[in-house]
Every structure is written in structure tokens, then in C-alpha cells.
Amino acid sequence: MNKILSPSDSKLRLLQYITLSSILLYFGRDLFIPLSFAVLISFVIYPFCAWMESKGIGRVTAILLNVLFLLILFASIVALLITQLLKFVNEWPHVQEKLSRTFQMVSQYLTSSFGISQERQNLWFSQLLDQSGSDVMGFLRGTITASAFSGVLLILTPVYSVLILYHREKWLKIVERLFPNERRESIKEMMYLTVKAYHNFIKGTALVYLIVGSLNSVGLLLLGVPHAILFGFTASVLTFIPYIGIIVGSLLPITMAWITYDSIWYPVGIVLIFAFVQYLEANVIFPLAVSSRLNVNTLVMLLAIFAGGILWGVSGMILFVPFVGIAKLIADHNPKLKTLSMILGTSERENPLENK
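On a predicted model such as this, the values are computed, not experimentally measured, just so you know.

Scoring rules and cut-offs
- Residues numbered from 1 in each chain as written.
- Predicted model: local features only at pLDDT ≥ 70, side-chain atom pairs only at ≥ 80, totals over all residues.
- Heavy atoms only, no water.
- Helix = DSSP H or I, 4+ residues; strand = E, 2+ residues; numbered from the N terminus.
- Buried < 20%, exposed > 50% of the residue type's maximum accessible area, 1.4 Å probe, protein only.
- Contact = heavy atoms within 4.5 Å.
- Areas by Shrake-Rupley, 256 points an atom, 1.4 Å probe, with all protein chains shown as cover.
- Axes fitted to C-alpha atoms, helices over the stretch in contact; angles between N-to-C directions.
- Parallel < 35°, antiparallel > 145°, perpendicular 65-115°, else oblique.
- Left-handed = near helix turned anticlockwise from the far one by under 90°.
- Nonpolar A, V, L, I, M, F, W, Y, C, P; charged D, E, K, R; others polar.
- Core = buried A, V, L, I, M, F, W, Y, C linked by side-chain atoms within 4.5 Å.
- Patch = residues over 30% accessible without salt bridge, like charges linked within 9 Å, V, L, I, M, F, W, Y side chains within 5 Å.
- Salt bridge = Lys/Arg side-chain N within 4 Å of Asp/Glu carboxyl O.
- pLDDT = per-residue confidence, 0-100.
- Phe/Tyr/Trp six-rings, centres within 6.5 Å; stacked < 30°, edge-to-face > 60°.
- Lys NZ or Arg CZ within 6 Å of the ring centre and 35° of its normal.

Student: What am I meant to see in the overall build of the protein chain here?
Tutor: Per the secondary structure count, the protein chain includes 13 helices and 0 strands. Going from N to C terminus, the protein chain has its helices and strands arranged as α-α-α-α-α-α-α-α-α-α-α-α-α. For the protein chain, with 356 residues in total, the buried portion stands at 31%. The long-range share in the protein chain, meaning contacts at least 24 apart out of those at least 6 apart in sequence, stands at 63%. When the accessible surface of the protein chain is totalled, it reaches about 22,700 Å², and 70% of it is carbon and sulfur.

Student: Please clarify how the packing of helix H2 (residues 29-54) against helix H12 (residues 314-332) should be interpreted in this entry.
Tutor: The description of two helices packed together rests on the angle between their axes and the distance between the axes. Where H2 meets H12, the axes come as close as 11 Å, and the angle between the chain directions of the two elements is 50°. By the angle between their directions, the pair H2 and H12 is classed as oblique. Classified by chirality, the crossing of H12 by H2 is left-handed. Touching Ile 33, Ser 36, Phe 37, Leu 40 and Phe 43 of H2 are Ser 315, Ile 318, Leu 319, Pro 322, Phe 323 and Ile 326, all from H12. Across the contact of H2 with H12, the residue classes break down as 9 nonpolar, 2 polar and no charged.

Student: I keep staring at the nonpolar core and nothing clicks. Help me out?
Tutor: If you look at soluble globular proteins, the nonpolar side chains tend to sit buried side by side. Judged by nonpolar contacts, the single largest core of 35 residues is most densely connected at Leu 220, Phe 274 and Leu 319. Sorting the residues of this core by element identifies H2, helix H7 (184-223), helix H8 (228-237), helix H9 (244-261), helix H10 (265-289), helix H11 (298-312) and H12 as the ones contributing at least two each.

Student: I would appreciate a short explanation of the environment of Leu 238 in the present structure.
Tutor: The topology assignment puts Leu 238 in the loop between H8 and H9. In this structure, the C-alpha to C-alpha distance between Leu 238 and Ser 250, residues 12 residues apart in sequence, is 9.7 Å.

Student: I would appreciate a short explanation of a nonpolar patch on the surface in the present structure.
Tutor: Taken together, the side chains of Phe 74, Val 78, Ile 82, Leu 86 and Leu 154 define a hydrophobic patch exposed on the protein surface, amounting to about 450 Å² of accessible area. Along the chain, Leu 154 turns up in helix H5 (residues 118-166).

Student: Is there a simple way to explain the environment of Gly 224 in this structure?
Tutor: Counting through the fold element by element, Gly 224 comes out in the loop between H7 and H8. Residues Gly 224 and Thr 260, 36 residues apart in the sequence, show an inter-C-alpha distance of 9.8 Å.

Student: Teacher, can you tell me more about the pattern of salt bridges here?
Tutor: Think of it this way: side chains of opposite charge can pair up when their charged atoms draw near. According to the stated counting rule, one finds 3 salt bridges in the structure shown. One salt bridge in this structure joins Arg 168 and Glu 53, with 2.6 Å as the shortest N-O distance. Within this pair, whereas Arg 168 is found in helix H6 (residues 168-177), its partner Glu 53 is found in helix H2, the two being separated by 115 residues in sequence. Arg 59 is the partner of Glu 169 in a salt bridge, and the nearest nitrogen-oxygen pair spans 2.8 Å. Of this pair, Glu 169 sits in helix H6 while Arg 59 sits in helix H3 (residues 59-90), placing them 110 residues apart in sequence. Salt bridges sharing common partners tie together Glu 53, Arg 59, Arg 168 and Glu 169.

Student: Would you mind showing me how to read the confidence of the model for the protein chain here?
Tutor: Segments scoring low in pLDDT should not have their predicted coordinates read at a detailed level. Within the protein chain, residue pLDDT values average 76, and 77% of them lie at 70 or more. For the protein chain, the element scoring lowest by mean pLDDT is H5, at 67; H2 scores highest, at 87.

Student: I would appreciate a short explanation of the side chain of Asn 216 in the present structure.
Tutor: Take Asn 216: it is sitting in helix H7. Owing to a relative accessible area of 1%, Asn 216 belongs among the buried residues under this scheme. Ignoring sequence-local partners within four residues, the contact set of Asn 216 consists of Gly 232, Ala 235, Ser 236, Phe 274 and Val 277.

Student: Explain the packing of aromatic side chains here, please?
Tutor: Per the counting criterion, the structure on display carries 4 aromatic pairs. Measuring from centroid to centroid gives 5.9 Å for Phe 320 and Phe 323, while their planes differ by 45°, and the two rings are tilted. Here Phe 320 and its partner Phe 323 are both found in helix H12, 3 residues apart, which amounts to about one turn of the helix. Taking the relative accessible area as the measure of exposure, Phe 320 reaches 11% and is therefore buried. Classification of Phe 323 by relative accessible area gives partly exposed; the value is 30%. Aromatic rings pair up to connect Trp 312, Phe 320 and Phe 323 into one cluster. Residue placement shows Arg 29 over the ring face of Tyr 26; its charged tip is 4.3 Å from the ring centre. Above the ring of Trp 171, the side-chain terminus of Lys 170 is found at 5.6 Å from the ring centroid.

Student: Is there a simple way to explain unusual backbone geometry in this structure?
Tutor: The residue His 227 is not glycine, and still its phi comes out positive at about 60°. Secondary-structure assignment places His 227 in the loop between H7 and H8.

Student: Got a minute to help me understand the environment of Val 44 in this structure?
Tutor: For Val 44, the position within the fold is in helix H2. In this structure the C-alpha to C-alpha distance between Val 44 and Tyr 198, which are 154 residues apart in sequence, comes to 7.2 Å. Those residues in contact with Val 44 that sit more than four places away from it in its chain are His 199 and Ile 202.

Laid out in C-alpha cells, this is it:
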């Protein structure tokens with residue numbers, strides 16, 4: 001005889017599932033992070049592979065060509081940013097001189113306005129340097145560890161993507177066998193819609209980043225801000241974090257402009273440029289470039305980014321948003337997941353399966 005769970009038992013079981021899943025994701029992150037990137041990359045390049053295979057190109061050749069193209073594109077972007085970063089490092093003595101003069105002006109202001117002696121300021125500065133030194137060493141250790149993990153990630157992710165795409169029918173059959181026979185066609189349809197929608201979303205999002213980064217860079221170049229391309233595209237990529245990302249991305253060019261020109265109008269100009277580009281991105285560029293939005297609730301997106309950062313670090317902040325988007329797409333096409341669709345979505349939308 002089946003036992004009917006009370007609402008409190010159901011909530012307790014849900015809490016247990018969430019806790020166990022979080023523990024599994026946290027301790028298994030070294031396995032799940034490259035595998036997750038590989039799955040999402042497979043979603044993106046699968047339509048291209050299928051098209052090339054339909055033209056008579058072998059499966060292995062089609063997969064390798066698409067993965068190689070992505071690697072070359074990624075390497076080109078990284079090389080461009082590294083080139084700009086090296087130019088920024090070469091100008092550090094000039095920046096250091098500007099900072100030194102700024103600190104002297106601040107010190108004189110504190111002495112004349114608040115009566116804080118030079119000795120006391122030096123003591124504060126010495127304590128700040130000691131604390132900053134330990135923080136920098138911790139940051140460097142974390143950076144080295146992250147770089148080593150990123151190197152492993154760059155090796156494993158393409159390999160996983162190739163294997164996932166090559167054995168895609170096998171993985172589909174395995175997923176279908178996890179569900180009853182009467183639901184297998186629905187599962188197949190949901191997977192097809194998920195791959196198609198996410199492929200279109202990623203293409204559109206990449207185009208948005210390219211356009212926004214280019215507009216940011218052009219605006220900074222017109223203002224004469226050094227390293228405009230580096231700052232412009234960094235701010236563009238950081239926009240994946242709603243509201244906060246553009247603020248963080250604008251701080252460095254604002255600081256550089258203020259130090260370089262000793263004028264408040266250049267930072268104001270950067271704020272106006274970034275605000276104008278963000279307005280275009282939200283109201284013109286994104287709607288035109290992305291034909292099908294994921295329509296994930298902003299609060300849910302922020303929670304996903306926060307949870308991803310806790311469990312998987314920066315990789316989690318990037319990966320958990322598409323995970324929520326995929327869950328939203330699946331929930332939209334399953335009447336039993338109507339409540340989940342409403343929680344994740346920006347507004348209540350009609351489920352297309354309910355009219356069938």
C-alpha cells in the first residue's frame with residue numbers, strides 16, 4: 001500500500017534533495033565543471049555538425065572542424081586581451097607616478113582640513129600595505145591554482161565535447177530509458193527544443209557581446225582612454241551579471257581616465273557612454289540579435305549566479321544561468337512543471353502543451 005506524503009513530508013524530502021545535490025555538486029565540481037562546459041558547447045555546435053554531416057562530411061571530421069574553430073576563436077580573443085593587458089602593464093610606471101601625486105594631494109588635504117598628521121597617515125598606510133600584502137599573496141595563490149585548473153579545463157572540455165557529439169544517439173537512448181515508454185516522445189521533443197533554443201540563444205548572446213564590446217571600445221577610443229579595447233570588451237563580458245557587472249566593468253576605465261587626464265569630465269563621459277550602450281543593448285541590440293529569449297526571472301538569475309559562485313566559483317557563475325534557462329525551457333513544455341515554469345519565468349505564459 002502506497003503511503004501518501006503529507007505537505008510537510010514533501011517539503012522535507014525536497015530540502016533533502018537540494019542539500020544532497022548541493023553537496024554532490026560542490027565535492028564533484030572538478031568532474032562536473034568541464035563536463036558541463038562540454039555539454040553546453042555540444043548544444044552550440046551540434047546544428048553545424050549535423051549540417052556538415054548532411055553534406056557528406058564524416059561525423060568525426062565535422063566534429064573536429066567545429067571544435068577546432070571554437071578553439072581558434074577563443075584563442076584569438078584571449079590573445080587580443082593579453083596584448084592589451086601587456087600594453088597596460090608597460091604603462092604602469094606612468095600610472096604609478098600619477099597615483100603618487102594623487103596620494104600626496106589627498107594627504108595634504110587630510111592634514112589641512114582634518115588635522116591628521118603625516119606620521120599618523122604613514123602609520124595607517126603601513127598597516128594597509130601589510131594587510132594588502134597578505135591579501136595579494138592569497139590572490140596570487142588562488143590565481144595560480146585557478147590557472148592550473150583552467151589549463152586542465154581547456155584540455156578536457158574539447159575532448160568531452162567530441163565524445164558527447166560522436167555518441168549523441170547513445171546518450172539520447174540512455175536518457176529515454178530513464179522515463180516510461182509513454183513519455184519518450186515527449187522527452188525527445190523537449191531535448192530537441194532545448195538544444196535548438198539554447199543554440200540560438202548562445203549565438204545571439206555572442207553577437208550581443210561582440211556589438212556591445214565594439215561600441216564600448218569605440219566610445220572609449222573617441223574619449224582617448226588608454227587600452228580602450230581591453231576595457232570595452234571586459235565591460236561587455238561582465239554584463240552577464242545583471243546590474244552589477246556593468247558597474248564593475250566601468251570602474252577600471254573610469255579610474256584610468258581620471259588618473260590620465262586629471263579631470264572629472266572624462267569619467268563622466270565614460271559613464272554616459274556605458275549607460276547609452278547599455279540602453280541600446282537592452283532595448284535594441286538584444287531583442288534584434290536574440291530571436292528567442294530564455295525569459296528567466298531576474299531574481300532567479302541573480303540567485304543562480306550567487307549559488308554558482310558558492311559551489312563552483314567563477315565557472316559556476318557562468319554555467320548556472322544557462323542551467324536555469326534550460327530548466328525553464330523544459331518546464332515550459334511540460335504541464336506537470338507549470339509551477340516551476342512560473343517560478344523561473346519573467347511572467348506567466350501559456351504552456352503550448354496544454355492546448356494539444
